[in-house]
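So you can see what is in the structure, the chains are spelled out below.
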Amino acid sequence: MSQVFKQVCFNNIKRFNSTLCNSSFVNNKNKFISDGIIYRQFSSSNNDDKVTFTFINKDGSKTKVTEEVGKNILEAAHDNDVDLEGACECSCACSTCHVYLEPKIYNILPEPTDEENDMLDLAFQLKENSRLGCQIKLTKELEGMEVTLPSASRNMTVDGYKPPKH
Ligand code: FES
């Protein structure tokens, strides 16, 4: 292995102890053995599993976030200190994660379930583009969307109570 190639490898790979690797791992592409050490090449940026979008906060300010695909809007809010409550912790049993979506985003999502619609009926300032943040899983299709927080929510727990991040 040339010195230059070695340097490139060390910049882009993680080192594995050969005793932890099985033979199929060794035979896959992007993996190789040198001096008895198994190397696996990783992409330096893995944006395929992230989505970037913006919360429009109650005061009109914006919070841009980048989150993993598969999380939901409420989890993204909590991870980034956005003031979206989520009193039932994603159980679809409250309306405190109520958000507004842009029509173009609302229209590409699956319809709300009956359970979500029942909870939305309890939401403060319900609109046609209302959804529950905890019921919207992040996908790459949602890249660049804007999620608007209502100016208030109907809190069915103790006044002022905010559940911790989960
Ligand atoms: S957190 Fe309660 S319905 Fe979303």
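Throughout, residues of each chain are indexed from 1 in the direction in which the sequence is written. Only residues with pLDDT of 70 or above have their local features reported here, since the model is predicted, and side-chain atom pairs are shown and tallied only from 80 upward, although totals for entire chains, interfaces and linings are computed over all residues. Side-chain metrics rest on all non-hydrogen atoms present in the structure, leaving aside hydrogens and water.

Caption draft 1: Highlighting the overall build of the chain. When helices and strands are counted, the chain shows 5 helices and 8 strands. Think of it this way: any DSSP run of H or I at least four residues long counts as a helix, any run of E at least two long counts as a strand, and we number them from the N terminus. Element order for the chain, N to C, with α for helix and β for strand: α-β-α-β-β-β-β-α-β-α-α-β-β. Buried residues are those whose accessible area, probed at 1.4 Å on protein chains only, stays under 20% of the maximum for their type, while exposed residues exceed 50% and partly exposed ones sit between those limits. By the burial criterion, 36% of the 166 residues in the chain qualify as buried. Total accessible area on the chain stands at roughly 10200 Å², and carbon and sulfur atoms take up 47% of it. Each accessible area value is a Shrake-Rupley result obtained with a 1.4 Å probe; residue values ignore everything except the protein chains displayed when judging cover.

Caption draft 2: How the structure looks around the pattern of salt bridges. Between Lys or Arg on one side and Asp or Glu on the other, a salt bridge is scored when a side-chain nitrogen of the former is within 4 Å of a carboxyl oxygen of the latter. For the structure on display, the rule yields 6 salt bridges. In this structure, the salt-bridge partner of Lys 71 is Glu 67, at a minimum N-O distance of 3.6 Å. Between Asp 79 and Lys 71 there is a salt bridge whose closest N-O contact spans 2.5 Å. If you follow the salt bridges from partner to partner, you end up with Glu 67, Lys 71 and Asp 79 in one network.

Caption draft 3: View of the sheet that holds strand β4 (residues 50-56). Spatially, the 5 strands line up as an open sheet ordered β5-β4-β8-β6-β7, and their pairing is mixed. In this open sheet, the two strands that pair with only one neighbour each are β5 (62-68) and β7 (130-132). Taken over all neighbouring pairs, the strand axes of this sheet differ in orientation by 40 degrees on average, direction set aside. Two strands qualify as a pair provided DSSP detects at least 2 bridges between them. Angles here are taken between N-to-C directions and fall from 0 to 180 degrees, while the axes themselves are lines fitted to C-alpha atoms, restricted in helices to the stretch in contact.

Caption draft 4: The arrangement of the side chain of Glu 67 in detail. Looking at the secondary structure, you find Glu 67 in strand β5. Taking the relative accessible area as the measure of exposure, Glu 67 reaches 6% and is therefore buried. Here a polar contact is taken to be a pair of N or O atoms separated by no more than 3.5 Å, where protein atoms must pair a possible hydrogen donor with a possible acceptor and residues adjacent in sequence count only if both atoms sit in side chains. A distance of 3.4 Å separates polar atoms of two side chains, one belonging to Glu 67 and the other to Asn 80. Contacts were defined at the residue level, with two residues in contact if any of their heavy atoms lie within 4.5 Å. Ignoring anything within four residues of it in the chain, the contact list for Glu 67 reads Asp 49, Lys 50, Val 51, Glu 75, Ala 76, Asp 79, Asn 80 and Leu 138.

Caption draft 5: Just the pairing of β4, in detail. Across the 7 residues of β4, 6 count as buried, placing the element largely inside the fold. Two strands pair when backbone bridges link them, and β4 and β5 are joined in this way by 7 bridges, in the antiparallel orientation. When the bridges of β5 are listed, Phe 53 appears paired with Val 65. Taken together, β4 and the strand that follows it, β5, pair antiparallel across an intervening segment of 5 residues, in which Gly 60 is found at a positive phi of about 90 degrees. Pairing geometry for β4 and strand β8 (residues 146-148), over 3 bridges, is parallel. Among the inter-strand pairings, Ile 56 is bridged to a residue of β8, identified as Thr 148.

Caption draft 6: Summary view of the environment of Gly 144. Within the element layout of this structure, Gly 144 appears in the loop between β7 and β8. As a C-alpha pair, Gly 144 and Lys 64 span 80 residues in sequence and 9.3 Å in three-dimensional space. The residues contacting Gly 144, other than those within four sequence positions of it, are Thr 52 and Phe 53.

Caption draft 7: Examining the environment of Glu 116 more closely. Position of Glu 116 relative to the elements: it lies in helix α5 (residues 114-120). Each C-alpha atom, one on Glu 116 and one on Cys 92, is 6.2 Å from the other, the two residues being 24 residues apart in sequence. When near neighbours in sequence (up to four residues on either side) are disregarded, Glu 116 contacts Cys 92, Arg 131, Leu 132 and Gln 135. A distance of 2.7 Å separates polar atoms of two side chains, one belonging to Glu 116 and the other to Arg 131.

Bear in mind that shape data such as this cannot, by itself, settle questions of function.
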